[in-house]
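Survey of secondary and tertiary structure
These are the residues of each chain, in order.
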Amino acid sequence: MTDSKYFTTTKKGEIFELKAELNSDKKEKKKEAVKKVIASMTVGKDVSALFPDVVNCMQTDNLELKKLVYLYLMNYAKSQPDMAIMAVNTFVKDCEDPNPLIRALAVRTMGCIRVDKITEYLCEPLRKCLKDEDPYVRKTAAVCVAKLHDINAQLVEDQGFLDTLKDLISDSNPMVVANAVAALSEIAESHPSSNLLDLNPQSINKLLTALNECTEWGQIFILDCLANYTPKDDREAQSICERVTPRLSHANSAVVLSAVKVLMKFMEMLSKDLDYYGTLLKKLAPPLVTLLSAEPELQYVALRNINLIVQKRPEILKHEMKVFFVKYNDPIYVKLEKLDIMIRLASQANIAQVLAELKEYATEVDVDFVRKAVRAIGRCAIKVEQSAERCVSTLLDLIQTKVNYVVQEAIVVIKDIFRKYPNKYESVIATLCENLDSLDEPEARAAMIWIVGEYAERIDNADELLESFLEGFHDESTQVQLQLLTAIVKLFLKKPTETQELVQQVLSLATQDSDNPDLRDRGYIYWRLLSTDPVAAKEVVLAEKPLISEETDLIEPTLLDELICYIGTLASVYHKPPSAFVEGGRGVVHKSLPPRTASSESTESPETAPAGAPSSEQPDVIPTQGDLLGDLLNLDLGPPVSGPPLATSSVQMGAVDLLGGGLDSLMGDEPEGIGGPNFVAPPAAAVPANLGASMGSGLSDLFDLTSGVGTLSGSYVAPKAVWLPAMKAKGLEISGTFTRQVGSISMDLQLTNKALQVMTDFAIQFNRNSFGLAPAAPLQVHAPLSPNQTVEISLPLNTVGSVMKMEPLNNLQVAVKNNIDVFYFSTLYPLHILFVEDGKMDRQMFLATWKDIPNENEAQFQIRDCPLNAEAVSGRLQSSNIFTVAKRNVEGQDMLYQSLKLTNGIWVLAELRIQPGNPSFTDLELSLKCRAPEVSQHVYQAYETILKN
Amino acid sequence: MIHSLFLINCSGDIFLEKHWKSVVSQSVCDYFFEAQEKAADVENVPPVISTPHHYLISIHRDRLFFVSVIQTEVPPLFVIEFLHRVADTFQDYFGECSEAAIKDNVVIVYELLEEMLDNGFPLATESNILKELIKPPTILRSVVNSITGSSNVGDTLPTGQLSNIPWRRAGVKYTNNEAYFDVVEEIDAIIDKSGSTVFAEIQGVIDACIKLSGMPDLSLSFMNPRLLDDVSFHPCIRFKRWESERVLSFIPPDGNFRLISYRVSSQNLVAIPVYVKHSISFKENSSCGRFDITIGPKQNMGKTIEGITVTVHMPKVVLNMNLTPTQGSYTFDPVTKVLTWDVGKITPQKLPSLKGLVNLQSGAPKPEENPSLNIQFKIQQLAISGLKVNRLDMYGEKYKPFKGVKYVTKAGKFQVRT
């Protein structure tokens, strides 16, 4: 007897027949009917019309029938909420049944009925079941809390179920503990801020005890929970590691990987000198290798994780290269991952084996795999210098096969090898040129053109080769066009006599006939360079190129550390932090590795690195919105691309550097045409901000004949502070300050690229703010910012932007965009950058205004510890556009009457009391009067910063 | 946690769906079908697929796809392990994991799925416990049920469910008490063109079939336990005891289960029992090629190698093959281009060989790649790593059980490159 008979009745009156059977008196017939209903349900047929009839069968002592009815209820209660109420009584009754199986079943099913009305009735039985004497019921009830929380979170909190659940962590039964942890983890995931799993050494101890005794699934939950804990010192970390290590021998691969996660994370805290550290490293290898003998799906996930682990700690698997050798019948997704890891593990010791394997793979059938294998050979050459020669000859062998895609891949990687080992393997160029005609992929064409341009002097017919590409210039992709332009310019600089015509042709093609702004820009730059200063052009275009790094697609260290904390999760499969893809924009808590406690090695830990910046001065990063936007924009962020972008970007960089100088000298007489103060100084392209400042102050000194104090420079400039730490901006660090010189405000920025990829396409925007500050020119970062490069920029500001009162008044919210993402930060600007130059009030006017402003607008402040005399004070203030209108001496005290005007026309009047000649009393008293009293506080702060620095 | 499960057959029909939380529409599987279309081969569908609102994690077992739907961050290995457990359970209950078997037992399947997972949390996945909760179908039971009206659902709490040994049920009784162990070793190897070993390791398992009454406490010791340095254990094994004494001490589950699996990778410990002489060549500009392979015994420890099968995926341009085997029979499937040679036993006096001509598509360029040979074989009464069970002791029960150990070595992923 099989169940397939339940599917056989598909006649018209089916529902009707079932209805009759369900209402039959005979138990057996009833049960058969319910089975038929369930069978229809499983294949997606709608049998909801039978709801009342099925519910009627619920009150029975037959457990199977009861279970079947429950199954039905779970499926259809949502669509029939009113009917579902009918079932409530039976549920409540079943929750009191003497049989624990029925009690558990009832509470389990009630939780699955996602109907609000029912959840109210669920609370009481659930409360009882959470304290049930039978652990089976308790463990089922624990899960039920998570279900209920999913339906109605508020209710769960109000009823205090969360506390009961937390108590269950101390339950005597390990299964109950595991389920409580699982339920709490799930609830915590939807409320990242809540402190549900507040772990302390006691609770950790309980979890570790339960770990040994609960089911494999429970072990996964407990291990994942343990991974979120940060031990207080290396001793605690070691003792947890010791108790987790036995899990590495578990048959369930998910348990193994979760244990690996805990160990990888806590290892960070152990000193490398410790014997235990070495033991642990040795213990990690075998279970990881064992994962590779499992089913292909498991292998895939394991390999993605191993990829992270070998980047973080290559020593673990360095002797296990062979297990990553590819078998011809591995699924393609496994093959590609294995290949990746093979290259990461390649070293001088094993390179011969690896190369032999890669060569084998390059003759396989699967195109994607073959391509990757060819590329891998190139990567080996770059990584292991001793093998380069062998790799090149292997690649040449492969080019001889004339298999089209193999040849193209080989040429792309040979270009990288040339970059890494210049002037070493040029003998192969001839072979490469033979294959010129077969190249049809842009990347390969661009690579070939680069090679021809770079070695133009050694290729006799370089001009012919390049000319042949030029014929179809407009049909080429941008990548090829850019490369062709650069290559021809290189050729021209090397062999100027024969190629003048060619270079003219390409320049006009690029500048006049092209719609692509990048191409046009590059064309114009070359053109101007060549026409103004060919020597400089040579220096720029043929400059020595920076070396390319060994490993081109490593994950950025900060991201890697975060991903290590996510071993075994989806994040580790995608190699992206959960914030990049988890649905719903819930604020995902960023995890980071614990800092090593032994201080000598603190540089290794990511936590301590940004801590170097004074944390108190760190501006707030605008939180929620930013993260959300970041999430949205981050979706397509791939790993850094290897090869060609590096090459082209360096070329661009060279070009732009030259452009700076060239353009400046060209346009030296109309500096404003380019719009940034950084272009004012003629000789250097990028003027360091302070140089500009001192120049400006020189100028202001000239205008400022009234100033008696000559030693002081212009408006006070605060030192640069870190506004956006690299941790929060995917490796971009921004620090900056504000300056005011001769009537213009600017924001001096310092951008540092702490990521592994090149940053381009910078742009900046301000939110509306109290004084309408806005960038007067776009953010001009001329060259792509390479890793570890820093650039200083002075961004001119004006005050004609839109106005919105901020809290605090001088708060400025800034968005900076680059090719990676958009980042948000906010900073406070000192008010004195808004003090205008014509802020000096006439004496009479001052008196009248002082009287005119009501007394309640007067604010009193004290500036402590300022041992300056009246002269020095007024001199300093004047350079920041606070003007002394009058000075009086009253009872041995100097009274200064001062005025200043803000960019929006608000006048602020001040009375400053100084007690000279009294060294024990160095406080200044400041009274401010202003029609807009809310600025007083900030004016006072400006006074203080100006006077104290 | 695991949200829903869809079972899909090889022709792309969804024939069963189960939702543990809210209902997810079948249309989510379209993303899976899309991925399937993109992959050249069914086995090449990536196991983790992301869709705008869900993640699909799937496994491919016995020509069926188990596709699970995930909404939040869940360890993918957890899901994959669970799905394999589901497939194992079907296999265990119905003797095979096929569409027909599942459709025939759809109500039991549904009950099982409900019992295995609660709100996405695994509940009972041990076959011993499941069998107490839901009786497997047998012809006899269904006859009895229909007469007496009793059901195949247990109505008592499974005893193992909450004890410290959740894998064993109480009150087990046998008239014949037996304990059998199968030591099965598979050789994974890649042999290169010249016959030298590129990579070789042994994947071993010890499968047990224990039919002992009561609560027996067993300890199994080995002659050479040092071989086992990379081991995965069934949860029943006391890890501490193994660490200190290298003895497997455990209270076994009832019935069939995998006690340990292990890996021996040290190259010199892995003997390669067969060698292959091969010469496969395709002539330039002609539509034929030569094919010649011979198999012989190598380090076979004096045992007979039997059950040899050679499978070769020939290049696409091969149209047909005209071969003569000295032993056994061969088939060539011109559609999948798979050559299978069923050799049988090796007799050292006359080595089996297969030679003949290969017909290629005329005009096509000669294939770049040379096919790899996939070899299957079996050696009875030998664990190639040399692992030997020393003795089995039983404590806690009075009776004297019947004990037995069997060894077998097989080829795992054994590939010869040509």
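Keep in mind it's a predicted model, so treat the numbers as computed, not measured. Counting from 1, residues in each chain are numbered in the order their sequence is written. Numbering of ligands from 1 and lettering of chains from A proceed in the order in which they are written. The predicted nature of this model means local features are confined to residues of pLDDT at least 70 and side-chain atom pairs, given and counted, to a pLDDT of 80 or more, with totals for whole chains, interfaces and linings taken over all residues. Hydrogens and water are ignored here; the side-chain numbers use all heavy atoms of the structure.

1. Focus on the overall build of chain A
Secondary structure elements are taken from DSSP: a helix is a run of H or I of four residues or more, a strand is a run of E of two residues or more, and numbering for both begins at the N terminus. Counting its secondary structure elements, chain A contains 38 helices and 13 strands. Sorting the 949 residues of chain A into buried and exposed places 57% on the buried side. Within chain A, contacts between residues at least 6 apart in sequence are counted, and of these 67% link residues at least 24 apart. Computed by Shrake-Rupley with a 1.4 Å probe, the accessible areas treat only the displayed protein chains as cover when residues are assessed. Carbon and sulfur atoms make up 51% of the accessible area of chain A, which totals about 39300 Å². The buried label applies to any residue whose accessible area, calculated with a 1.4 Å probe on protein chains only, is under 20% of its type's maximum; exposed applies above 50%, and partly exposed to all values in between. In this description, contact between two residues means that some pair of their heavy atoms is separated by no more than 4.5 Å.

2. Digging into the overall build of chain B
Helix and strand counts for chain B come out as 7 helices and 23 strands. Each of the 418 residues in chain B was classed as buried or not, and the buried ones make up 57%. A sequence separation of at least 24 residues applies to 68% of the contacts in chain B between residues at least 6 apart.

3. Observations concerning the sheet that holds strand β2 (residues 14–19) of chain B
Note: strands within a sheet are paired through backbone hydrogen bonds, in either parallel or antiparallel orientation. Residue and element names in this part refer to chain B. In this analysis, strands are considered paired if DSSP registers two or more bridges between them. Spatial ordering of the open sheet is given by β2-β1-β5-β4-β3, a layout of 5 strands whose pairing is antiparallel. Strands with a single pairing partner mark the edges of an open sheet, and in this sheet they are β2 and β3 (48–50). Direction aside, neighbouring strands of the sheet carry axes that sit 20 degrees apart on average. In the sheet, strand β1 (residues 2–8) pairs with strand β5 (residues 64–70) via 6 bridges, with the strands oriented antiparallel. Following the sheet pairing, isoleucine 2 is matched in β5 by isoleucine 70. Interaxial angle, 0 to 180 degrees, is taken between N-to-C directions of lines fitted to C-alpha atoms, where a helix line uses only the stretch in contact. Of the strands in this sheet, β1, β4 (55–61) and β5 touch helix α2 (residues 76–94), which is tilted by about 40 degrees from β4.

4. Remarks on the interface of chain B and chain A
With 94 residues of chain B at the contact, the number on the chain A side is 97 residues. When two parts are put together, the accessible area they lose, computed with a 1.4 Å probe and summed over both, is reported as buried area. A buried area of about 8300 Å², summed over both sides, lies between chain B and chain A, and 58% of it is on carbon and sulfur atoms. Salt bridges are identified by distance alone: a Lys or Arg side-chain nitrogen within 4 Å of an Asp or Glu carboxyl oxygen. Across the chain B-chain A interface, the total number found is 7 salt bridges. Between B:Asp118 and A:Lys147 there is a salt bridge, and its shortest N-O distance comes to 2.7 Å. Counting of polar contacts relies on pairs of N or O atoms within 3.5 Å, with two restrictions inside protein: one atom must be capable of donating a hydrogen and the other of accepting it, and residues adjacent in sequence are counted only when both atoms are side-chain atoms. Scanning the region where chain B abuts chain A turns up 22 residue pairs in polar contact (both at pLDDT 80 or more).

5. Focus on the packing of aromatic side chains
Pairing of aromatic side chains here covers Phe, Tyr and the six-membered ring of Trp, requires ring centres within 6.5 Å, and sorts the geometry by plane angle: under 30 degrees stacked, over 60 edge-to-face, intermediate tilted. The tally for this structure, following the rule as stated, stands at 27 aromatic pairs over all chains. An angle of 65 degrees between the planes, with centres 6.1 Å apart, marks the rings of B:Tyr180 and B:Phe402 as edge-to-face. Here B:Phe402 lies in strand β23 (residues 402–417) and B:Tyr180 lies in strand β8 (residues 178–191), a separation of 222 residues in the sequence. Here the aromatic cluster, defined as three or more aromatic residues joined through ring pairs, consists of A:Trp217, A:Phe221, B:Phe78, B:Phe82 and B:Phe121. Criterion for a charge above a ring: Arg CZ or Lys NZ at most 6 Å from the ring centre, at most 35 degrees from the ring normal. Lying over the aromatic face of A:Phe369, A:Lys335 brings its terminal NZ or CZ to 5.2 Å of the ring centre.

6. Quick notes on the environment of A:Leu439
Residue and element names in this part refer to chain A. Its location among the elements puts leucine 439 in the loop between α23 (429–434) and α24 (442–454). Taking the C-alpha atoms as reference points, leucine 439 and asparagine 404, 35 residues apart in sequence, are found 7.6 Å from one another. For leucine 439, the residues in contact, after removing those within four places along its chain, are Val407, Gln408, Ile411, Ala444, Arg445 and Met448.

7. What about helix α21 (residues 388–400) of chain A?
All names here are of chain A. Expected helix span is taken as 1.5 Å per residue step, with the number of steps being one fewer than the number of residues. When the terminal C-alpha atoms of α21 are compared, their 18 Å separation across 13 residues agrees well with the 18 Å that a helix rising 1.5 Å per residue should span. Of the residues making up α21, those classed as buried are Ala388, Cys391, Val392, Thr394, Leu395, Leu396, Leu398 and Ile399. In this structure, the buried residues of α21 make contact with α19 (351–361), α20 (367–383), α22 (404–420) and α23. Within two residues after α21, lysine 402 carries a phi angle of roughly 65 degrees, on the positive side.

8. A few points about the environment of B:Val318
Residues and elements named next belong to chain B. Relative to the helices and strands, valine 318 resides in strand β17 (residues 318–325). Between the C-alpha atoms of valine 318 and asparagine 359, which are 41 residues apart in sequence, the distance is 5.9 Å. Beyond its immediate stretch of four places on either side in the chain, valine 318 contacts Phe282, Phe332, Lys337, Val358, Asn359 and Leu360.

9. So, the nonpolar core
Only buried residues count toward a nonpolar core, which is a set of Ala, Val, Leu, Ile, Met, Phe, Trp, Tyr and Cys residues joined through side-chain atoms within 4.5 Å. Residues A:Tyr72, A:Val244, A:Leu317, A:Phe324, A:Phe418, B:Phe66 and B:Phe90 are the most contacted members of the largest nonpolar core, which totals 284 residues. Excluding residues that lie within four positions of it along the chain, A:Leu317 makes contacts with A:Ala285, A:Leu288, A:Val289, A:Ile306, A:Val310, A:Phe324 and A:Leu345. In this structure, B:Ala208, B:Val264, B:Val317 and B:Ile375 belong to the second largest nonpolar core, which totals 74 residues.

10. Structural notes on the side chain of A:Glu454
Along the chain, A:Glu454 turns up in helix α24. Leave out the neighbours within four places in its chain, and A:Glu454 touches A:Lys490, A:Lys494 and A:Lys545.

11. Observations regarding the side chain of B:Thr311
Looking at the secondary structure, you find B:Thr311 in strand β16 (residues 306–313). Judged by its relative accessible area of 19%, B:Thr311 falls in the buried class. In this structure, B:Thr311 is in contact with A:Tyr328, B:Val338, B:Leu339, B:Thr340, B:Ser372, B:Leu373 and B:Asn374, ignoring residues within four places of it in sequence.

12. So, unusual backbone geometry
Residue and element names in this part refer to chain A. Residue proline 808 is bonded to the preceding glutamate 807 through a cis peptide linkage, with omega at -5 degrees. The topology assignment puts proline 808 in the loop between β6 (790–798) and β7 (811–817). Residue asparagine 881 is not a glycine yet carries a positive backbone phi of 65 degrees. In this fold, asparagine 881 is placed in the loop between α37 (870–879) and β10 (883–890). Under the relative-accessibility criterion, asparagine 881 is labelled buried at 9%.

13. Considering the packing of α24(A) against helix α26 (residues 478–494) of chain A
Residues and elements named next belong to chain A. Viewed as axis vectors pointing N to C, α24 and α26 meet at an angle of 10 degrees, and their least axial separation amounts to 8 Å. With respect to their mutual orientation, α24 and α26 come out roughly parallel. Touching Pro442, Glu443, Arg445, Ala446, Ile449, Trp450, Gly453 and Glu454 of α24 are Gln479, Val480, Gln483, Leu484, Ala487, Lys490 and Lys494, all from α26. Classification used: nonpolar for Ala, Val, Leu, Ile, Met, Phe, Trp, Tyr, Cys and Pro, charged for Asp, Glu, Lys and Arg, polar for all others including Gly. Across the contact of α24 with α26, the residue classes tally to 7 nonpolar, 3 polar and 5 charged. Small angles under 35 degrees read as roughly parallel and large ones over 145 as roughly antiparallel, with 65 to 115 read as roughly perpendicular and the rest as oblique.

14. Brief notes about the confidence of the model for chain A
All names here are of chain A. Scored by pLDDT, chain A has a mean of 78; 83% of the residues are at 70 or more. Each residue gets a pLDDT score, which is the predictor's confidence in that residue and runs from 0 to 100. When mean pLDDT is compared element by element in chain A, helix α15 (residues 253–267) scores highest at 93, while helix α33 (residues 624–633) scores lowest at 34. Long-range and interchain partners of residues 598–713, a stretch whose pLDDT sits below 50, account for 146 contacts in this model, where long-range means more than four residues apart.

15. Focus on the sheet that holds β7(A)
Residues and elements named next belong to chain A. Pairing is antiparallel across the open sheet formed by 3 strands, whose spatial order is β4-β7-β8. The open sheet is flanked by β4 (763–766) and β8 (822–828), the only strands paired with a single partner. Strand-to-strand twist across the sheet, computed as the mean angle between neighbouring axes with direction ignored, equals 25 degrees. When β4 meets β7, the two strands line up antiparallel, connected through 4 bridges. The residue of β7 that forms the bridge with alanine 763 is lysine 817.

16. Focus: the packing of helix α4 (residues 63–76) of chain A against helix α5 (residues 81–94) of chain A
Residues and elements named next belong to chain A. With their axes 13 Å apart at the nearest point, α4 and α5 run at an angle of 130 degrees to one another. As the angle between them shows, α4 and α5 are arranged oblique. The way α4 lies across α5 gives a crossing that is left-handed. On α5, the residues that touch Lys66, Tyr70 and Leu73 of α4 are Ala87, Thr90, Phe91 and Asp94. In terms of residue class, the contact of α4 with α5 is made up of 4 nonpolar, 1 polar and 2 charged. A crossing counts as left-handed when the near helix is turned anticlockwise from the far one by less than a right angle, and as right-handed when that turn is clockwise.

17. A word on the pairing of β6(A)
Residue and element names in this part refer to chain A. With 8 bridges connecting them, strand β3 (residues 744–753) and β6 associate as antiparallel partners. Among the inter-strand pairings, leucine 751 is bridged to a residue of β6, identified as valine 791. Sheet topology note: the strand β5 (residues 774–775)/β6 ladder contains 2 bridges and is antiparallel. Paired with proline 775 across the strands is leucine 797, a residue of β6.

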